[in-house]
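Overview (structure and organization)
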Amino acid sequence: MQAVLDEAAFIQGPAVGLFAEELGQYLGGAHVVPCANGTDALTLALMSLDLPAGAEVIVPAFTYIATLEAAALLGLRPVLADVLPDTFNLDPAAVAAALTPRTGAVVAVHLFGQCADLEALAALCQQHGVALIEDNAQALGATFRFADGRVAHAGAVGTVGTTSFFPSKNLGCLGDGGALLCADPARAALLRQLANHGQSRKYHHQRIGLNSRLDTLQAAALRLKLQQLPANQAARQAVAARYDVALAQVPGLAVPARDPRSTHVFHQYTLTLVEPARRAALREFLAHHGIPTMIYYPLPVHAQPAYAYLGYRVGNFPVAEQLCAAVLSLPIHPLLTAEQVAFVGEGVQAFFAQSSRSFPKKI
Ligand SMILES: *Cc1c(COP(=O)(O)O)cnc(C)c1O
């Protein structure tokens, strides 16, 4: 970062290209186009498809809002599809049912760090001639094994993959950042152009683009953090394995399900409560003992006022609705100690065992 300051090339400095190359290598040779954030990455991915106004973009009903915000801003129509109750990811059968002649793209989100069913979704998209976009903001580094034995990196399977370097993501920077991933060099060139005012060279604009660039300072930080990503990923997986041991037998909750075809990089470790009505009390109990929890996400997309115009009603996406009521994410990050993980596990156990009086106040 000092070198960047000395050089004063704050936009498009050398670290940006170096980081893109290094991330591409890490992802098995994908082309990487850095941009300003994960939401812009989704916007740019859709822009590169040149869809007609009003084209439909199928998105999961259980996701972060950015997944469909990009489509809505571009004058495309988000069409929701329900998710699977165990993996929280797009249900290929729901996607198949939502496809119409107006469908232009499917956006698969690899939620919480585990790949959606890329086998079924890629086949479905290919069969119908629609683009597959992978919103890989939460699963950078995860891999998926296809039936033919091929192993691919999350984000490198679809027409375009997108990711985010928001500080809390698995590869986070010191502010906002994002990137696009794709296998096709021509599309990578188009995405690079779109991210830089649609210009082919300075002051020559071929397309209406965005100003969406990764700052050189962020790229310098990301080059260092990329080196730590494998170790950090292993540390997250170790935390998840400890939580599993502590919680798998606790009645009243389900630990995160694993799709055997995907690795899980545990952006989140998300429980599903059997009795959603007890979630608030569990959160309060844990908070009282200094254990923070979060609900990703408390409202399904179709219950958000901004998306009322899509015309969906409560009951349209029962799995997404049920998950919003029943999920709870426990603390997970690479620096959690075994002692802290055990403390959180004991806290959850104590709540369900109702022997909460014996649980210590603070670690
Ligand atoms: C974080 C996130 C985004 C948006 O990324 P930003 O960099 O915050 O714009 C998009 N989709 C998903 C699933 C995310 O988790």
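Everything discussed here concerns the structure shown above.
**What to know about the packing of helix H2 (residues 14–26) against helix H8 (residues 216–247)**
The relative placement of two packed helices comes down to the angle between their axes together with the axis-to-axis distance. H8 packs onto H2 with a crossing angle of 20° between their chain directions and a minimal axis gap of 7 Å. Comparing the axis directions of H2 and H8 gives the class roughly parallel. Both H2 and H8 take part in a crossing whose hand is left-handed. On H8, the residues touching Ala15, Val16, Leu18, Phe19, Glu22, Leu23 and Tyr26 of H2 are Thr216, Ala219, Ala220, Leu222, Arg223, Leu226, Leu229, Pro230 and Gln233.

**Here we look at the side chain of Gln193**
In this fold, Gln193 is placed in helix H7 (residues 185–194). Exposure remark for Gln193: the relative accessible area of 17% places this residue in the buried category. Discounting residues that sit within four places of it in the chain, Gln193 has contacts with Gly198, Gln199, Ser200, Gln206 and Arg207.

**A look at the sheet that holds strand S13 (residues 269–273)**
Judged by pairing direction, the sheet is antiparallel, and its three strands sit side by side in the order S12-S13-S14 without closing on themselves. Whereas interior strands pair on both sides, the edge strands pair on one side only; in this sheet they are strand S12 (253–254) and strand S14 (327–330).

**So, the state of the cysteines**
Disulfide: a covalent bond connecting the sulfur atoms of a pair of cysteines. One pass over the structure, following the stated rule, counts zero disulfides. With no disulfide of its own, Cys115 has Cys125 as its nearest cysteine by sulfur position, at a separation of 15 Å. Among the residues examined, Cys115 registers a relative accessible area of 1% and is labelled buried. Summary of cysteine pairing: Cys182 is not part of a disulfide, and the nearest cysteine sulfur, belonging to Cys35, is at 12 Å.

What counts and what doesn't
Numbering of residues starts from 1 in each chain and follows the order in which that chain's sequence is written. Two thresholds apply to this predicted model, a pLDDT of at least 70 for residue-level local features and 80 or more for giving and counting side-chain atom pairs, whereas whole-chain, interface and lining totals are computed over all residues. Hydrogen atoms and water are omitted, and side-chain values are computed over all heavy atoms in the structure. Axis definition: a line fitted to C-alpha atoms, limited for helices to the stretch in contact. Angles are taken between N-to-C directions and run from 0 to 180 degrees. Note on conventions: DSSP H or I runs of at least 4 residues are helices, E runs of at least 2 residues are strands, and numbering of each starts at the N terminus. Angle categories: roughly parallel below 35 degrees, roughly antiparallel above 145, roughly perpendicular from 65 to 115, and oblique for all the rest. Left-handed describes a crossing whose near helix is turned anticlockwise from the far helix by less than a right angle; the clockwise case is right-handed. Contact criterion: two residues are considered in contact whenever any of their non-hydrogen atoms come within 4.5 Å of each other. Using a 1.4 Å probe on the protein chains alone, a residue whose accessible area is under 20% of its type maximum counts as buried, one over 50% counts as exposed, and one in between counts as partly exposed. By definition, two strands form a pair when at least two bridges between them are found by DSSP. Two cysteine sulfurs form what is called a disulfide whenever their separation falls within 2.5 Å.

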